[in-house]
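Structural features, examined
Listed below are the residues making up each chain.
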Amino acid sequence: LAAMVLGERLVPCRAPWLLEGRHILAAVGPTGVGKTTTLAKLAARALLETKKRVAFVTLDTYRIGATEQLARYGEIMNVPVLVARDRAELGRAMERLHDADLVLIDTAGRSSPEDVARQAALVRTVPRVQLHLCVSAATGAHELAAVADRYRELAPDRLIVTKVDEAAGPGSILSASARVQRPVSCVADGQRVPEDLHALTGPQLVDLVAGQEPA
């Protein structure tokens with residue numbers, strides 16, 4: 001019965017790197033949840049497994065070293081990395097990347113609701129963009145619920161769970177999933193690129209939340 005209830009709350013979806021056609025994905029979420037590293041893992045999986053043409057765009061011009069970190073990943077993977085500071089630059093960046101199969105947009109972790117909403121509004125100017133809310137499984141259940149509530153107003157399309165390897169009890173994922181009510185696209189459980197990023201099935205998500213090793 002418990003597994004059935006969890007299964008109703010934890011809904012998986014197809015991994016972003018396995019989707020067919022052109023897709024634009026923006027990672028949003030608090031500072032420190034691993035958005036940039038997660039996007040690098042996504043890019044590497046797309047390059048290795050589906051041979052997609054990948055590109056990065058970063059809106060994170062606030063955090064020291066953020067642009068350089070993404071630029072290093074881009075250099076290693078030999079994919080373009082563009083910086084956009086406002087709507088006009090973001091529009092030009094998307095025009096330049098019109099032939100990319102998968103465009104990954106990195107955003108800054110913002111704390112105030114106003115900054116969160118402003119950044120989301122900027123990202124939403126990109127046609128057919130898909131917002132993936134990144135949350136850390138290592139965050140306490142109460143704080144994770146607060147994060148989910150803060151970002152729920154942005155109407156994220158998908159949920160990405162990071163830092164599963166650092167979580168004392170991954171059951172806190174359930175509170176975020178229940179509040180956001182969006183499918184889980186993938187989970188990250190380490191720093192290795194791209195090995196530590198996984199797309200889990202429904203039963204595997206249930207096992208994870210129940211504290212078991214997913215099959």
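Please refer to the structure placed before this passage.
Residues numbered from 1 in each chain as written. Predicted model: local features only at pLDDT ≥ 70, side-chain atom pairs only at ≥ 80, totals over all residues. Heavy atoms only, no water.

**Things to note about the overall build of the protein**
Broken down by element type, the protein carries eight helices and eight strands. In the protein, buried positions account for 52% of the 215 residues. Long-range contacts, defined here as pairs at least 24 residues apart, represent 78% of the contacts in the protein between residues at least 6 apart. Put simply, the protein shows about 10300 Å² of open surface, and 51% of that area lies on carbon and sulfur atoms. (Helix = DSSP H or I, 4+ residues; strand = E, 2+ residues; numbered from the N terminus. Buried < 20%, exposed > 50% of the residue type's maximum accessible area, 1.4 Å probe, protein only. Contact = heavy atoms within 4.5 Å. Areas by Shrake-Rupley, 256 points an atom, 1.4 Å probe, with all protein chains shown as cover.)

**What to know about the side chain of K41**
Residue position: K41 is located in helix α2 (residues 35–50). Buried charge K41 goes without a salt bridge, the closest partner of opposite sign being D196 at 5.3 Å. A distance of 3.4 Å separates a polar atom in the side chain of K41 from the backbone oxygen of D196. K41 has contacts with A188, G190, Q191, R192, V193, P194, D196 and L197, leaving out every residue within four places of it along the chain. (Lys, Arg positive; Asp, Glu negative; His and termini not counted. Salt bridge = Lys/Arg side-chain N within 4 Å of Asp/Glu carboxyl O. Polar contact = N/O pair within 3.5 Å; in protein donor to acceptor, adjacent residues only side chain to side chain.)

**Looking at the sheet that holds strand β4 (residues 102–106)**
Strand order in this open sheet of eight strands is β3-β2-β4-β1-β5-β6-β7-β8, and the pairing throughout is mixed. The sheet is open, and its two borders are formed by β3 (81–83) and β8 (197–198), each paired with just one other strand. Pairing of strand β7 (residues 184–188) with β8, which is carried by two bridges, proceeds in the antiparallel orientation. Within β8, the position partnered with V187 by the bridge is H198. (Pairing = 2+ DSSP bridges.)

**Quick look at the state of the cysteines**
Within this structure, the stated rule accounts for zero disulfides. With no disulfide partner, C134 has as its closest neighbouring cysteine sulfur the one in C186, 7.7 Å distant. Look at C134 and you get buried, because its relative accessible area is 0%. (Disulfide = S-S within 2.5 Å.)

**Brief notes about the pattern of salt bridges**
All told, the structure shown has six salt bridges when counted by the stated rule. Note that D101 and R53 form a salt bridge whose closest N and O atoms lie 3.1 Å from each other. One end of the pair, D101, is in the loop between α4 (87–96) and β4; the other, R53, is in the loop between α2 and β2 (54–58), with 48 residues separating them in the sequence. Note on D101: relative accessible area 18%, which makes it buried.

**A short note on the nonpolar core**
V57 and I105 are the most contacted members of the largest nonpolar core, which totals 44 residues. The residues contacting I105, other than those within four sequence positions of it, are I24, L25, A26, A27, L39, V57, L59, V126 and V129. Residues A43, A46, V54 and A188 belong to the second largest nonpolar core, which totals 24 residues. (Core = buried A, V, L, I, M, F, W, Y, C linked by side-chain atoms within 4.5 Å.)

**Some points on the pairing of β4**
For β4, the tally of buried residues reaches five of five residues, placing the bulk of the element in the interior. Of the two faces of β4, the one carrying L102, L104 and D106 and the one carrying V103 and I105 are both buried. In this sheet, β4 lies alongside β2 in parallel orientation, the contact comprising five bridges. Residue pairing in the sheet places T58 in a bridge with D106 of β4.

**Considerations on the environment of R128**
Its location among the elements puts R128 in the loop between α5 (113–123) and β5 (129–136). Spatially, the C-alpha atoms of R128 and R22 are 9.9 Å apart, while their sequence positions differ by 106 residues.

**Some words on the pairing of β7**
Most of β7 is tucked away, with five of its five residues classed as buried. Note: strand β6 (residues 158–162) against β7, three bridges, orientation parallel. For I160, the partnering residue across the bridge sits in β7 and is C186.

**So, α2**
Compared with an ideal rise of 1.5 Å per residue, which puts 16 residues at 22 Å, α2 spans 22 Å between its outermost C-alpha atoms and is within 8% of the ideal. Burial analysis of α2 places twelve of its 16 residues in the buried class, which makes it a mostly covered element. By the burial criterion, the buried members of α2 are K35, T36, T37, T38, L39, A40, K41, L42, A43, A44, R45 and A46. (Expected span 1.5 Å × (residues − 1).)

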